Amino acid sequence: MTMKGPIRCLFLLSALLPSAAAFAGSPRSTPHDVRTAAAFRARPMPMSYPTVQIATDAAASKSTTALCMSSASSIAVAKSAISAIFSQLRHHAKLLFVLLTASLLFAKRSNPQSLLWPGTQTDKDCDAPLPTGTYGCPFIGINIMGGSKDFGPMYKIWELGQKFGDIYRMYGFGVPIVSVSGKDNIKALLKNEFKGEGEGIGTHLTGSEHNAGAVFGDKALLYENDANKHGRLRKMVGEAMSPVAIAAALPSFQELANQQVGKVLKEDTIQMEELFNEFTLDVAWKQILGLDLKEEDIPEFRKMVQQWVIGVMNPLLLVPFRIPGLMKVTKVGRARTYIVSKIEEKLNKLEMDGPDSSTLSKLYFATDDEGNKLTREEVIHNAMILIFAGSETSSSTLTCVSLLLGLHPNVWRKVKAEQEELVAELGGDFTRETLEKSVYLESVIKETLRIQPLVTGEARLVANTVVVDGKQIPKNWYAMFNVKQTHWNDPSTFKEDGSHMDIRKGFEPERWLDEKTKPSEWMPFGEGGRRCIGERLGMAEMKVFLGMMARKLDKFDLVNVHGDDGIVWKTDSIMARPADGTEIRATAADTSHAVEYQI
């Protein structure tokens, strides 16, 4: 092994220390936005990708501060948590020694490679070879969540895909993983879902038996692998996401969007990311949960949800034992306890007063074909999943859309023209018909999600060896589908120089308006039986906010991007976000007349 290996290992191990600090820190230490690392979620970087750093010293300083502890007491709590971990290790030292010795002897006989990368055994009964790839640092693997300022989060996943192809193997978080891209390959992989216990593939919340399940929720639709139970859950949760249910929520979306857009005109410059975070979190408490929060309680709710979203992705949740004081000492535990208490209060109110227009109400009163309702735990866990997905992904996408509209003023004018025509035809309220006729606006959102999607989808645990495109994915390995690389290689849009994925050269919403140019491999919301059930909700809230922007703002300029300046991306978020949060300077729209513009 070269010196790079040990150094990389030490670097990855040292990364756990700030994770522990943030994990068990003071509840007052809260970043202004959602900066997380999603567990298991790919040719060299083309010259067309921008590389010049924008002026974001203040943002970088804020991010650095957000990752540090807020006080000496926070550090003390972090040290206490780490001490507890080592105490558990010492307590089970003999057992660990026996298990380690046995595993080494077995590994030496079966597969010497598994000494350094445990779990990488192949299926000897399968004739198909393993995919090509790399395992990286022994025991730990590759920092697959590592980002690049020129690319965004999870750059390594994309880079390895460019090097090894559509299907490749790697090792991360102490487990072997195969990345799969390409629509046909992904469909071939996902057809192995819901095959029954011990067969095919299934979603798996790593560490659920100890910590992750307690703070995230393992009774949600996302982690049900029984075909019948999943179908039942999906149908019942789907009632809360139906077109009729979303249409009923539009007045709430409009009110919240109007409040946030109004803030834009009160400031000389404003960071749009902060507004989008607040908007999606307000949708969470007002529409998803249907809470009646007082004005002074709203910041506390936003803070707690952000702490929870950040905390559930902390690698410390993967330790193979229960973290002492998980729900009382850690930030993520306290945050989850707070959110669940709010949900419990609302459920008690629904029991007394009956149904209302909230998403939670629809979950609580939904029934299956036999008249059975979801259990209280299922309601809570599925509501938490909707909050998690709705706040992070929608906010990230909106932040990127505002950046792209700032880079392409001609597209912004077309969005404005479409909204002005709809107001003249249908009035000022956002209705189901308004959203259905916002065709160009929808193409802008879809094009943004084509260029900057979530890099990878939810990982599946392979219960029984599967073969995809002639490559085996062995039993007990993880498989994940690579969304970014699938979009990159889409034959309908692909260009050798990579310009089709460049935010300046490749952003063409018009491609969605013609079947001949429409992308053929687009899956930002997933694929198959687990396709994001909150897709309608997310698209609706994004359309309403962007539509409101187009109606109330005349134009806006990007404060930190000038000419051909490159864009610096955050490296520690789940989805791509500009490092400056898309800071803009805007002017109010003249609503005295409509502007005609041919789309």
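The numbering scheme is per chain: residues are counted from 1 as the chain's sequence reads. A pLDDT threshold of at least 70 governs which residues receive local features in this predicted model, and a stricter bar of 80 or more applies before side-chain atom pairs are shown or counted, although totals over entire chains, interfaces and linings include all residues. With hydrogens and water excluded, all non-hydrogen atoms of the structure serve as input to the side-chain values.

What exactly am I supposed to notice about the overall build of the chain here?
By definition, any uninterrupted DSSP run of H or I lasting at least four residues is a helix, any uninterrupted run of E lasting at least two residues is a strand, and each is numbered from the N terminus. Counting its regular elements, the chain contains 21 helices and 10 strands. The classification of residues rests on relative accessible area computed with a 1.4 Å probe and restricted to protein chains. Under 20% of the type maximum is buried, over 50% is exposed, and intermediate values are partly exposed. Within the chain, buried positions represent 55% of all 599 residues. Carbon and sulfur atoms provide 55% of the accessible area of the chain, an area that totals close to 26000 Å². In short, Shrake-Rupley with a 1.4 Å probe defines the accessible areas, and a residue's cover is counted only from the protein chains shown.

Please clarify how helix α12 (residues 298-311) should be interpreted in this entry.
Every α-helix winds through 3.6 residues per turn, so residues three or four apart in the chain are directed the same way. Given the number of residues in a helix, its expected span is that number minus one, multiplied by 1.5 Å. The end-to-end C-alpha separation of α12 is 20 Å, in line with the 20 Å expected for 14 residues at 1.5 Å each. Counted residue by residue, α12 has 10 buried out of 14 residues, so it is predominantly covered. Within the span of α12, buried status applies to I298, F301, R302, M304, V305, Q306, Q307, W308, V309 and G311.

I keep staring at the sheet that holds strand β10 (residues 583-588) and nothing clicks. Help me out?
What holds strands together in a sheet is hydrogen bonding between their backbones, with the strands either parallel or antiparallel. Only when DSSP finds a minimum of two bridges between them are two strands counted as paired. Judged by pairing direction, the sheet is antiparallel, and its three strands sit side by side in the order β4-β10-β9 without closing on themselves. Here the strands that pair on one side only, and so sit at the sheet edges, are β4 (270-271) and β9 (553-558). Sheet topology note: the β9/β10 ladder contains five bridges and is antiparallel. Bridge pairing in β10 places L553 opposite A588.

What am I meant to see in the packing of helix α16 (residues 376-407) against helix α19 (residues 439-451) here?
A packed helix pair is summarised by two numbers, namely the angle formed by the two axes and the spacing between the axes. Each axis is a line fitted through C-alpha atoms, and for a helix only the stretch in contact is used; angles between axes span 0 to 180 degrees, taken between their N-to-C directions. One can describe the packing of α16 onto α19 by two numbers: an axis separation of 10 Å at closest approach and a directional angle of 105°. It follows from the interaxial angle that α16 and α19 lie roughly perpendicular. Of α19, the residues touching α16 (which contributes T397, C400, V401, L404 and L405) are V444, I445, T448 and L449. Convention used here: angles under 35 degrees read as roughly parallel, angles over 145 as roughly antiparallel, angles from 65 to 115 as roughly perpendicular, and any remaining angle as oblique. Between two residues, a contact is recorded if the distance between any of their heavy atoms is within 4.5 Å.

Even after reading the chapter, I still don't get the packing of aromatic side chains, so can you show me in this structure?
Each pair of aromatic rings is reported with the distance of its centres and the angle of its planes. Each Phe, Tyr or Trp ring (for Trp, its six-membered ring) is paired with any other whose centre lies within 6.5 Å, and the angle between the two planes then decides the class: stacked below 30 degrees, edge-to-face above 60, tilted in between. Within the structure shown, the criterion is met by 17 aromatic pairs. Here the aromatic rings of W158 and W488 are separated by 5.3 Å at their centres, their planes lie at 70°, and the arrangement is edge-to-face. Here W158 is found in helix α6 (residues 155-164), whereas its partner W488 is found in helix α20 (residues 483-488), with 330 residues between them in sequence. Judged by relative accessible area, W158 falls into the buried class, the value being 0%. Taking 5.2 Å as the distance between ring centres and 70° as the angle between the ring planes, the aromatic pair formed by W512 and W522 counts as edge-to-face. With W512 in the loop between α20 and α21 (535-552) and W522 in the loop between α20 and α21, the pair connects residues that are 10 residues apart, well separated along the chain. Note on W512: relative accessible area 11%, which makes it buried. Its relative accessible area of 15% is what places W522 among the buried residues. One aromatic cluster is present, formed by F151, Y155, W158 and W488 through successive ring pairs. A cation over a ring is seen here: K373 above Y364, with NZ or CZ 4.1 Å from the ring centre. The residue whose ring lies beneath K446 is W522, and the NZ or CZ to ring-centre distance is 5.7 Å. Criterion for a charge above a ring: Lys NZ or Arg CZ within 6 Å of the ring centre, and within 35 degrees of the ring normal.

For this particular structure, what's the right way to read the layout of surface pockets?
If you roll a probe as big as a water molecule over the atoms, it shows you where there is empty space left. Lining residues are those with an atom within 4 Å of a point, where the points come from a 1 Å grid over the protein atoms alone and group into cavities, where a 1.4 Å probe fits but cannot get out, or pockets, open sets with protein on both sides within 12 Å along at least five of seven lines. Grid points are joined across faces, edges and corners, and a volume is the space filled by probe spheres set on the points. Here the second largest pocket defines a volume of roughly 510 Å³. Around the second largest pocket, the lining comprises 25 residues; the ones closest to its centre are T203, Y223, E224, N225 and D226. Breaking the lining of the second largest pocket down by element, the ones donating at least two residues are β3 (201-203) and α9 (227-239). The element contributing the most residues to the lining of the second largest pocket is β3, with three residues. The classification used treats Ala, Val, Leu, Ile, Met, Phe, Trp, Tyr, Cys and Pro as nonpolar, Asp, Glu, Lys and Arg as charged, and all other residues, Gly among them, as polar. By residue class, the composition of the lining of the second largest pocket is eight nonpolar, seven polar and 10 charged.

What is the right way to look at the side chain of N211 in this model?
Here N211 shows up in the loop between β3 and α8 (212-217). Exposure remark for N211: the relative accessible area of 0% places this residue in the buried category. Setting aside its immediate chain neighbours within four residues, N211 contacts L317, V319, F321, R322, I323 and L326.

Honestly, the pairing of strand β1 (residues 167-172) in this entry has me stumped. Any pointers?
Looking along a regular strand, one sees the side chains alternate between the two faces of the sheet. Most of β1 sits inside the fold, with six of its six residues counted as buried. Both faces of β1 are covered, namely the face carrying I167, R169 and Y171 and the face carrying Y168, M170 and G172. Between β1 and strand β2 (residues 175-180), which follow one another and run antiparallel, lie two residues, and F173 among them has a positive phi close to 55°.

Whenever I open this one, the pattern of salt bridges confuses me. Can you help?
Oppositely charged side chains may form a pair once their charged atoms are brought near each other. We define a salt bridge as a contact between a side-chain nitrogen of Lys or Arg and a carboxyl oxygen of Asp or Glu at a distance within 4 Å. Enumeration over the complete set of coordinates arrives at 31 salt bridges. Taking the shortest distance from any N to any O, the salt bridge between E442 and K543 comes out at 2.5 Å. On the criterion of sequence distance, the pair formed by E442 in helix α19 and K543 in helix α21 is long-range, its members being 101 residues apart. Given a relative accessible area of 24%, E442 falls into the partly exposed group.

When you look at the packing of helix α11 (residues 272-288) against α12 in this model, what are you seeing that I'm missing?
Where α11 meets α12, the axes come as close as 10 Å, and the angle between the chain directions of the two elements is 100°. Relative to α12, the element α11 lies roughly perpendicular. On α12, the residues touching N277, E278, L281, D282, A284 and W285 of α11 are I298, F301, R302, V305 and Q306.

Is there a simple way to explain the nonpolar core in this structure?
Nonpolar side chains in soluble globular proteins tend to be buried together. M170, M272, L289, F301, W308, I343 and M549 are the most contacted members of the largest nonpolar core, which has 132 residues in total. Apart from residues lying up to four places away in sequence, M549 is in contact with V261, M272, F276, W412 and F556. Residues grouped as a nonpolar core are buried Ala, Val, Leu, Ile, Met, Phe, Trp, Tyr and Cys residues, joined through side-chain atoms within 4.5 Å. Counting 19 residues, the second-largest nonpolar core is a separate cluster that includes Y135, Y171, V178 and V180.

Help me out: how do you make sense of the sheet that holds strand β8 (residues 478-481) in this one?
With respect to topology, five strands assemble into an open sheet ordered β1-β2-β8-β5-β3, the strand pairing being mixed. Looking at strand neighbours, the two that pair on one side only are β1 and β3, the edges of this open sheet. On average, each strand axis in the sheet is inclined to that of its neighbour by 35°, with strand direction left out of account. Across two bridges, strand β5 (residues 460-462) lies against β8 in antiparallel orientation. Paired with R460 across the two strands is A479, which belongs to β8. Its contacts with the sheet put α6 on β1 and β8, and the angle it makes with β1 is roughly 140°. Helix α7 (residues 183-190) rests against β1, β2, β3, β5 and β8 of the sheet, and its axis sits at about 130° to β2.

Just to check I follow, could you spell out the confidence of the model for the chain for this structure?
Atomic detail in the predicted coordinates should be set aside for any region of low pLDDT. Averaged over all residues, the pLDDT of the chain equals 84, while 79% of them reach at least 70. Summary of the metric used: pLDDT quantifies the predictor's per-residue confidence within the range 0 to 100. This model gives residues 1-17 a pLDDT under 50, and the stretch forms 12 contacts once residues within four places in sequence are excluded. Segment residues 592-599: pLDDT under 50, and 12 contacts once partners within four positions in sequence are set aside and those in other chains are kept.

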